[in-house]
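Overview (structure and organization)
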Amino acid sequence: MIRTVNITDSIHYIGVNDRETHLFESLWPLDKGVAYNAYLINDEKVAVIDTVKNTKMEDFLEKIQSIIGDKPVDYLIINHMEPDHSGAITAMKDKYPNLTIVGNKKTFTFLENFYRPMKPYLIIDEGDTLNLGSLELQFFMTPMVHWPETMMTYVKGEGVLFAGDAFGGFGSLDGGIFDDEINLEFYTDEIRRYYSNIVGKYGAMVQKALKKLLGAGLEIKVIAATHGPVWRTNPDHIISLYDQWSKYESEEGVVIVYGSMYGNTQKMADYLARRLADQGITNIRIYDASKTHVSYIISDIWRFKGIILGSCAYNTGLFPSMETVVNKIENSQLKNRYLGIFGTASWSGGGVSSLGKFAERMKWEVLAKPVEANSSPKEDDFNQLDALAEAMATQLKGQEA
Ligand code: FEO
């Protein structure tokens, strides 16, 4: 038996959990699962907002039927075409052949390229409305949050915003679906990981979308994203988090990430961390890039202001696991961080110098002189690490004041 989850009397949650998939987009660990959220409005006309990944289409169709019985679905609104949300469109069209698919011009290019033509289409644009009987929907284009076709659907009067990937997060919804039913600390970590892994590159577009929605004077009572909890009690909380992250705002703290083949670069990382603690820095995270997936590392890099990267030399270049980390940072175009650099060289250099080039490309402020030990750190190297730790702590504490 399926018990429906109501957001309002006529708006229902019909999302599904995925605890089987190991890697989201075949890249990002899902050890805590993920939810593909979709919604149904049961008005004079029936509208479904977004679908789910194709592996979950049966559960999804069953949920729809449990609410509307033999009534047909009139509209399928596609806020986002990435296949974790569009995977059941074909199945819906097969089940409800008279369905009208609603999207913007770009939506249908993706639809036909990924699947097949499924006319009739209702092509909408910025600010257009769609009447379902007693409820009226309004559409807002929010390109690149997360793909070019992404848009949001707002239910006038009810104040429900179907937001697509924006405001979403990792983590399956284990019983609790609404923000007042869950442990916020757990989901905040998973939401920041999702933001930094998936949406972070598009901070400027997130800002543009926020300005558009808030500038339009929408009264947002509920944020219903395609992943993560539904925010019905405190939607301002998730708006504020997305606002901070997309402006690259950060907390006082230092993330030290290193790649070390035989423990010498690691020794320097531990030394640095201890010296930072001596100077009153309490948020210190050390990651071995070869052990911790970059997904978790980038999430903490998004959180904290100080970043210290260390690498041994490997075949005259950067250690491969550190290359993954710096590539992800660079691809995300993260801004406004203080950077420290350290590492080791042996029969060649290449690790520390590559990190220096990375810093130039990122235009981050490099604190103190990069510290490069010859095979293993000696007294002079430790002295230089002291200077780096002091410079970082001074900057962070100065910023706090
Ligand atoms: Fe959850 Fe961009 O798809």
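Residues numbered from 1 in each chain as written. Predicted model: local features only at pLDDT ≥ 70, side-chain atom pairs only at ≥ 80, totals over all residues. Heavy atoms only, no water.

**Observations regarding the packing of helix H5 (residues 184-199) against helix H7 (residues 235-246)**
In a packed pair of helices, the relevant descriptors are the angle between the two axes and the axis-to-axis distance. In contact at an axis separation of 11 Å, H5 and H7 are set at 40° when each is read in the N-to-C sense. Regarding the angle of H5 to H7, the classification is oblique. Seen from above, H5 lies across H7 with right-handed handedness. Packed against H5, whose contacting residues are Leu 184, Thr 188, Ile 191, Arg 192, Tyr 194 and Tyr 195, the element H7 presents His 237, Ile 238, Leu 241, Tyr 242, Trp 245 and Ser 246 at the interface. When its residues are assigned to classes, the contact of H5 with H7 shows eight nonpolar, three polar and one charged. (Axes fitted to C-alpha atoms, helices over the stretch in contact; angles between N-to-C directions. Helix = DSSP H or I, 4+ residues; strand = E, 2+ residues; numbered from the N terminus. Parallel < 35°, antiparallel > 145°, perpendicular 65-115°, else oblique. Left-handed = near helix turned anticlockwise from the far one by under 90°. Contact = heavy atoms within 4.5 Å. Nonpolar A, V, L, I, M, F, W, Y, C, P; charged D, E, K, R; others polar.)

**Quick notes on the sheet that holds strand E7 (residues 39-42)**
Backbone-to-backbone hydrogen bonds pair the strands of a sheet. The strands run either parallel or antiparallel. Spatial strand order, E1-E2-E7-E8-E9-E10-E11: seven strands in an open sheet with mixed pairing. At either end of the open sheet lies a strand with only one pairing partner, and these are strand E1 (5-6) and strand E11 (121-123). In the sheet, strand E2 (residues 11-13) pairs with E7 via three bridges, with the strands oriented antiparallel. Bridging across to E7, His 12 finds its partner in Leu 40. (Pairing = 2+ DSSP bridges.)

**Looking at unusual backbone geometry**
Lys 119 connects to Pro 120 through a cis peptide bond whose omega is 10°. Within the fold, Pro 120 resides in the loop between helix H4 (105-114) and E11. One non-glycine residue, Phe 167, lies in positive phi territory at about 70°. Mapped onto the fold, Phe 167 is located in the loop between strand E15 (160-164) and H5. Phe 167 gets classed as buried once you look at its relative accessible area, which sits at 3%. Positive phi values are uncommon outside glycine, yet Thr 316 reaches one of about 65°. The topology assignment puts Thr 316 in the loop between strand E19 (304-314) and strand E20 (317-318). (Buried < 20%, exposed > 50% of the residue type's maximum accessible area, 1.4 Å probe, protein only.)

**Thoughts on the environment of Glu 379**
Note that Glu 379 resides in helix H12 (residues 379-400). Taking the C-alpha atoms as reference, Glu 379 lies 51 Å from Lys 208; in sequence the two are 171 residues apart.

**Notes on the layout of surface pockets**
As a volume, the largest pocket reaches approximately 220 Å³. Lining the largest pocket are 16 residues; nearest its centre among them are Met 261, Cys 312, Ala 313, Thr 344 and Ser 346. Listing elements by their share of the lining of the largest pocket, those giving two or more residues are helix H8 (264-278), E19 and strand E21 (338-345). With three residues, the top contributor of residues to the lining of the largest pocket is E19. A breakdown of the residues in the lining of the largest pocket according to their chemical character gives seven nonpolar, nine polar and no charged. (1 Å grid on protein atoms, 1.4 Å probe; cavity = no way out; pocket = protein on both sides within 12 Å on 5 of 7 lines; lining within 4 Å. Points joined across faces, edges and corners; volume = space filled by probe spheres on them.)

**Some points on empty space enclosed by the protein**
Across all of its chains, the model carries one cavity of 30 Å³ or more by this definition. Of the pockets and cavities examined, the largest cavity occupies roughly 40 Å³. Taken together, Val 145, Met 152, Ala 166, Phe 167, Val 206, Ala 209, Leu 210, Leu 213 and Tyr 242 form the lining of the largest cavity. Tallied by class, the residues present in the lining of the largest cavity amount to nine nonpolar, no polar and no charged.

**Side note on the pattern of salt bridges**
Oppositely charged side chains can pair when the atoms bearing their charge come close. Considering all chains together, one arrives at 20 salt bridges under this definition. Put simply, Arg 232 and Asp 180 hold a salt bridge, and the shortest N to O gap is 2.8 Å. A residue pair is termed long-range when its members are at least 10 positions apart, and Arg 232 in the loop between strand E16 (222-225) and H7 and Asp 180 in the loop between E15 and H5 qualify at 52 residues. When its relative accessible area of 34% is taken as the criterion, Arg 232 is described as partly exposed. Of the charged contacts in the structure, one is a salt bridge between Asp 300 and Arg 285, with a shortest N-O distance of 3.7 Å. Here Asp 300 is found in helix H9 (residues 294-303), whereas its partner Arg 285 is found in strand E18 (residues 284-288), with 15 residues between them in sequence. (Salt bridge = Lys/Arg side-chain N within 4 Å of Asp/Glu carboxyl O.)

**A few points about the sheet that holds E15**
As summarised here, the arrangement of the five strands in space is E12-E13-E14-E15-E16, forming an open sheet in which the pairing is mixed. Only two strands of the sheet have a single partner each, and these edge strands are strand E12 (129-131) and E16. For this sheet, the mean inter-axis angle between neighbouring strands, taken without regard to orientation, is 20°.

**Let's talk about the pairing of E21**
Across the eight residues that make up E21, a large majority, eight, are buried. Residues Tyr 338, Gly 340, Phe 342 and Thr 344 line one face of E21 and the alternating positions Leu 339, Ile 341, Gly 343 and Ala 345 line the opposite face, and both faces are buried. One ladder, built from seven bridges, connects E19 with E21; its direction is parallel. Bridge pairing in E21 places Ser 311 opposite Gly 343.

**Here we look at the side chain of Asn 37**
Examined against the element boundaries, Asn 37 turns out to sit in the loop between strand E6 (34-36) and E7. A polar side-chain atom of Asn 37 sits 3.1 Å from the main-chain carbonyl oxygen of Ala 225. Polar side-chain contacts of Asn 37 include one of 2.8 Å to the backbone oxygen of Gly 228. In contact with Asn 37, other than residues within four places in its own chain, are Tyr 13, Gly 15, Asp 50, Thr 51, Leu 173, Ala 225, Thr 226, His 227 and Gly 228. (Polar contact = N/O pair within 3.5 Å; in protein donor to acceptor, adjacent residues only side chain to side chain.)

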